[in-house]
Each structure stands twice: as structure tokens, then as C-alpha cells.
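What follows is each chain in one-letter form.
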Amino acid sequence: MAIDWLLGTVTGVRDETPTVRSFTLGLPAWTGHRPGQHIDLRLTAEDGYSVERSYSIASEPERGGEVDITVERIEGGEVSPFLHEVVVPGDRLEVRGPIGGYFVWEAGLGGPLLLVAGGSGVVPLMAMARHRARAGTGVVARMLFSSRGPDEVIYAEELDQLAAAGDGFDVVHTLTRRQPAGWNGYARRIDEQMLAEVLEPLGAGTRAYACGPTALVETVANGLVRLGLPPDRIRTERFGPTGT
Amino acid sequence: MGERFVTRGFVGRREPDSGAGGLADERRRRTPPGQYLTDDFPVLSAGPTPRTPLDRWSLTIDGLVSKPITWSWEEFLALPARDWVVDISCVTKWTHLDMRWRGVSVDTLLESIDLDAKAAFAIASCDGGYTTNLPLADVLNNQAFVAYEYDGAPLAPEHGGPARLVVPARYFWKSAKWIRGIRIGDRDEPGFWESLGYNNRGDQWLEERYSGD
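Here the structure is a predicted model, which means the values were calculated and not measured.

Caption draft 1: Examining the overall build of chain B more closely. What chain B contains, in helices and strands, is three helices and eleven strands. When the helices and strands of chain B are placed in sequence order, the string is α-β-β-β-α-β-β-α-β-β-β-β-β-β. For a compact globule of 213 residues, the expected C-alpha radius of gyration is about 17 Å, and chain B comes in at 19 Å, within 12% of that figure. Overall, the C-alpha framework of chain B stretches about 60 × 40 × 35 Å when taken along its three principal axes.

Structure below.
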């Protein structure tokens, strides 16, 4: 059973931060996905030259017939500057998916759930958080989200809304380089002490998902093992510096 | 899709043909379809990095062989090794040319044992529970090696150290990190990613990324 290329139509473009933009792709033939999976995107020039990249799906599967991807603009990249500068609603893009069957969480897996994100690594975790809210199961979940500064927090407003819903989800931010006046949250890179504090209310039965740069994911996965989580309850996805 | 789709406004960033067989042509010729070149060594793994102390590390070959064989770390390092310079392609789209490794050919590992006449497949098993499957035809004749050095230094844990399988002619998930065993069998059994939607064979030149490709 091959995963066929589909033609998606861009139906929405939204700025998340000065360098991060979300695109909604209308896909009438979409067969559905699980939160955490990704798509492949293919761009083809007139002369047949083409490139492919993988992007995590940001949207929850409950939204049928379309997916959101969220793309960080990488200076000097071949694909992300094109998506940011050229693509507008009405454009069509070739995609195929869903892809990946391990870094996924569905409400049926239960919790408690710990989502640890670094920068644009939040994207597949956002699909899980959105799915969790829509599924309405009340699984207790926390997100620990590391961003460089307050203007670089992807999905900031929506995360606040999810946390305000009072259904068992909360989000803990750490701002590693720049903090707003009066900030009393974490202001350093994620470390084992921070993980211990965030994990504490969730307990040893937690399922953890970490996504971000390699150094962050290594710190988180190794730290959670030392804090007593079984390795098979820690799933990781990494964004290297080459994901342009 | 029949006729080739063209993405509006996309030109790409490729280097023009020099027509003279220059370096850019050479690099492009060695880049499989859908891949881009990088000089980085990205880390991808599904869970925490296992850390087995070397005094508790061993490598075992068993299954359809005349006699199972196990090497300790010291015994493994004493096996004849060589340098390998190979191009590596990851299914996540990066290709890194001329990666320099040191390691032991799978042929060397199999030298001291006889394979059963029915032996046709190998499945590598690893610390952390990872597995990947390969036909023997894809690993024999110096097509695969167990590496313990990368670029002149001991292989880092996040890159699969102390030792990983390297199979340059297949997507990099077949190059199992943290390898501890190779089981020889007569049947093909899908490994970890092969059971989760990735292609059973994974030939990057045929772009066999996912199940059904």
C-alpha cells in the first residue's frame, strides 16, 4: 500500500512569530493521521528539479480534510524561505503522508502526559495537545516549552487558552535568552532540576514526548531516565540544524 | 499523478551544470533522489540514548549458524578492522558524502562460523530494543560493517556508540545504533521502523522510503 502524493491547496497562512508561519493545506483525499506524525512536502521547478522535506503536522486529526504545518524560516535554506516568501492562499503543494508511527500520542494511550518542546520542536506536540483537548478525555498533561524569548513562543496565545480551559492541561515556559519585565518563570535551558520539578506532579507513570534540537532532547531523555521514567515511556524526535 | 506537477514560483537553489564534470556535478551525481547535501551529522533516534559500560558490552551472532559466537569489547577491537569512506543517506532527506569510519566488516565477523544452507536474512538487535532487518545479500561482500570510530574519534553515544552497524547502500535507519547482536534466519522479519510504515528494503537510489514505495 503506497503512500501517494496528493495535491493540497493552501487555504490559510498565519504568522506565529516573526520567523515562524503556519500553513493550512486543504486535502480532500486525506485519510487521517495520528498526532505526532509528519508529511513529506515536494517542490518541483519548471525544469523538473525537485526537493523534498518532512514537516510535522501541527493540527489535530479531528479536523478532517486538512492539515496545518508550521515552518520556521531558516536563513539560507532552500525550502523554508520559499514557503515564507512565495506561498500564498490558493497555491497548490504536493504532499504525502501521514508518515511515522512511533512518535505519536492518542487519547487512548492515556497519561499522565509530559510534552517537552524546544523551539519549533513544539509542532508535533501541539498536534497532541490539540487532540487531547478535542478528545475531551481529561488526561492530565503538562507541556514544558523552551523558547529563546517572549516574541519567539510559537502558539503562545493558544497554549494559554488550552491551559485556561481547566481540563487538566498546563504549560510551563522557560525563556532562555530574553525575558519580559517581571518574568518569574524559568529563565534557563532545560536541566534535570527543572525536569524534576515539572514531572513531580505527574508521577512515575508518565508518558513523555520530547522534540527539539539534539542537545535539548538528549538532556531531556537522559534526565527523565535518571528521574526514574522507563526508557520505553520516553519518545523522542529531533530537529537537527539541517531541517531547512 | 500523471503529468508532472510544477510548484508555482519554485526555482530552487541548485548549482548550474558546469558541463565539465566539476565538483558540483560530482556531488550532485552522488546525491540520491529527494535528498539534499549536508556536512552535519544530525542525530535521530526514537528514545533515550542507551549507555552500556564497555565491560558489560558484547556482540553476538546467532541463529542459523554452525555455532553462536560472542565477542567482548576487547575481543571485538582485536578483530581486523579497516577505514571506510562512504556516502550516507538518511530517510529524513539528508545525505552526507565521504563520511569516515573505522570498523569491522560483517564478512570478518562471519569468517569463523559457517552459515546454514537456509540462511538468507539478518536481523540486528540493539541496546534500547531497536531492531532492523536486512537480506544477507545486502550485507555480505563488504557492504556492511560494525563501526566504532567516526572521523578519527570513538563513536559518540548519540551516534550509536560504542558500536553501530553501517550499511551505506541503504537508508540510515538500517545502520542500527548501539548494535549488540545479529541473528541469522531463513525468513524476513520486519524490524522496528519496517513495522511502523517504513520500507522493508530502503534502497535510497530507488527512493524506497515508506511501505509500498
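Caption draft 2: Representation of the overall build of chain A. Counting its regular elements, chain A contains five helices and eleven strands. In terms of overall dimensions, chain A is globule-like: its C-alpha atoms have a radius of gyration of 18 Å, near the 18 Å expected for 244 residues. Expressed as lengths along the three principal axes of its C-alpha atoms, the size of chain A is roughly 55 × 40 × 30 Å. By residue count, 47% of the 244 residues in chain A fall in the buried class. A separation threshold of at least 6 residues defines the contact pool for chain A, and within that pool the share at least 24 residues apart is 73%.

Caption draft 3: Highlighting the domain arrangement of chain A. All names here are of chain A. When cut into domains, chain A gives domain 1 (6-99) and domain 2 (107-238). Between the C-alpha centres of domain 1 and domain 2 the distance comes to 24 Å. The interface is formed by 15 residues belonging to domain 1 together with 13 residues belonging to domain 2. Where the side of domain 1 that touches domain 2 is concerned, the elements lending two or more residues are strand 1 (6-17) and strand 5 (66-72).

Caption draft 4: Molecular detail of helix 2 (residues 122-135) of chain A. All names here are of chain A. Taking 1.5 Å of rise per residue, the 14 residues of helix 2 would be expected to cover 20 Å, and the 19 Å separating its terminal C-alpha atoms lies within 8% of that figure. Judged by how many residues are buried, helix 2 sits mostly within the fold: twelve of 14 residues are covered. Among the residues trailing helix 2, G136 stands out with phi positive, at a value near 65 degrees.

Caption draft 5: Representation of the nonpolar core in the model. If you look at the biggest cluster of nonpolar residues, it comprises 109 residues, and the most contacted ones within it are A:L115, A:L125, A:A129 and B:V146. Counting residues per element, this core draws most heavily on helix 2 of chain A, which supplies eight residues. Looking at which domains feed residues into this core, each of domain 1 (6-99) and domain 2 (107-238) of chain A gives three or more. Dropping the residues within four chain positions of it, A:L115 is found in contact with A:L125, A:M128, A:A129, A:A141, A:M143 and A:Y209.

Caption draft 6: Highlighting the sheet that holds strand 7 (residues 113-118) of chain A. Residue and element names in this part refer to chain A. The strand order across the open sheet built from five strands is 9-8-7-10-11, with neighbouring strands paired in parallel fashion. Two strands lie at the open edges of the sheet, namely strand 9 (169-175) and strand 11 (234-238), each paired on one side alone. When strand polarity is set aside, the average angle formed by the axes of neighbouring strands in this sheet is 10 degrees. Summarising the sheet, strand 7 and strand 10 (residues 207-212) pair through five bridges and their orientation is parallel. Counted as the bridge partner of L113 is R207 from strand 10. Lying over the sheet, helix 3 (residues 156-164) contacts strand 8 (141-147) and strand 9, oriented at roughly 140 degrees with respect to strand 9.

Caption draft 7: Unusual backbone geometry, seen in detail. Note that the residue after A:G97, namely A:P98, is joined by a cis bond; omega there is 0 degrees. Its location among the elements puts A:P98 in strand 6 (residues 92-99). Put simply, B:G161 and B:P162 share a cis peptide bond, and its omega is 15 degrees. Tracing the backbone shows B:P162 in the loop between strand 9 (153-154) and strand 10 (164-166). The backbone of B:N142 shows a phi angle near 60 degrees, a positive value even though the residue is not glycine.

Caption draft 8: Quick look at helix 4 (residues 192-199) of chain A. Residues and elements named next belong to chain A. Turning to helix 4, its buried residues are M194, L195 and L199. Taken end-on, helix 4 shows its buried residues confined to a sector of 125 degrees, consistent with a single buried face. Every exposed residue of helix 4 that faces more than 90 degrees away from the buried side is listed here: Q193 and E197. Close packing links the buried residues of helix 4 with strand 7, strand 9 and helix 5 (214-226).

Caption draft 9: The sheet that holds strand 11 (residues 179-185) of chain B, seen in detail. All names here are of chain B. With mixed pairing, the five strands of this open sheet are ordered in space as 3-2-11-6-7. Each edge of the sheet is formed by a strand with only one pairing partner; in this case those strands are strand 3 (69-72) and strand 7 (131-135). Here the average twist between neighbouring strands, direction ignored, is 15 degrees. Looking at chain direction, strand 6 (residues 121-126) and strand 11 are connected through six bridges and run antiparallel. Opposite S125, over in strand 11, you have G181 as the bridge partner.

Caption draft 10: Expanded view of the environment of A:V67. Residue and element names in this part refer to chain A. Mapped onto the fold, V67 is located in strand 5. The class for V67 is buried, based on 28 C-beta atoms found within 10 Å. Taking the C-alpha atoms as reference, V67 lies 19 Å from L159; in sequence the two are 92 residues apart. If near-sequence neighbours (up to four positions away) are discounted, V67 is found in contact with L25, L27, W30, H33, I39, I57 and S59.

Cut-off values and rules
Residues numbered from 1 in each chain as written. Chains lettered and ligands numbered in written order. Predicted model: local features only at pLDDT ≥ 70, side-chain atom pairs only at ≥ 80, totals over all residues. Helix = DSSP H or I, 4+ residues; strand = E, 2+ residues; numbered from the N terminus. Rg over C-alpha atoms; globule rule 2.2 N^0.38 Å. Buried ≥ 20, exposed ≤ 12 C-beta atoms within 10 Å, placed from the backbone. Contact = placed C-beta atoms within 7 Å. Domains from an automatic or database assignment. Expected span 1.5 Å × (residues − 1). Core = buried A, V, L, I, M, F, W, Y, C linked by C-beta atoms within 7 Å. Pairing = 2+ DSSP bridges. Axes fitted to C-alpha atoms, helices over the stretch in contact; angles between N-to-C directions. Arc of directions from axis to C-beta.

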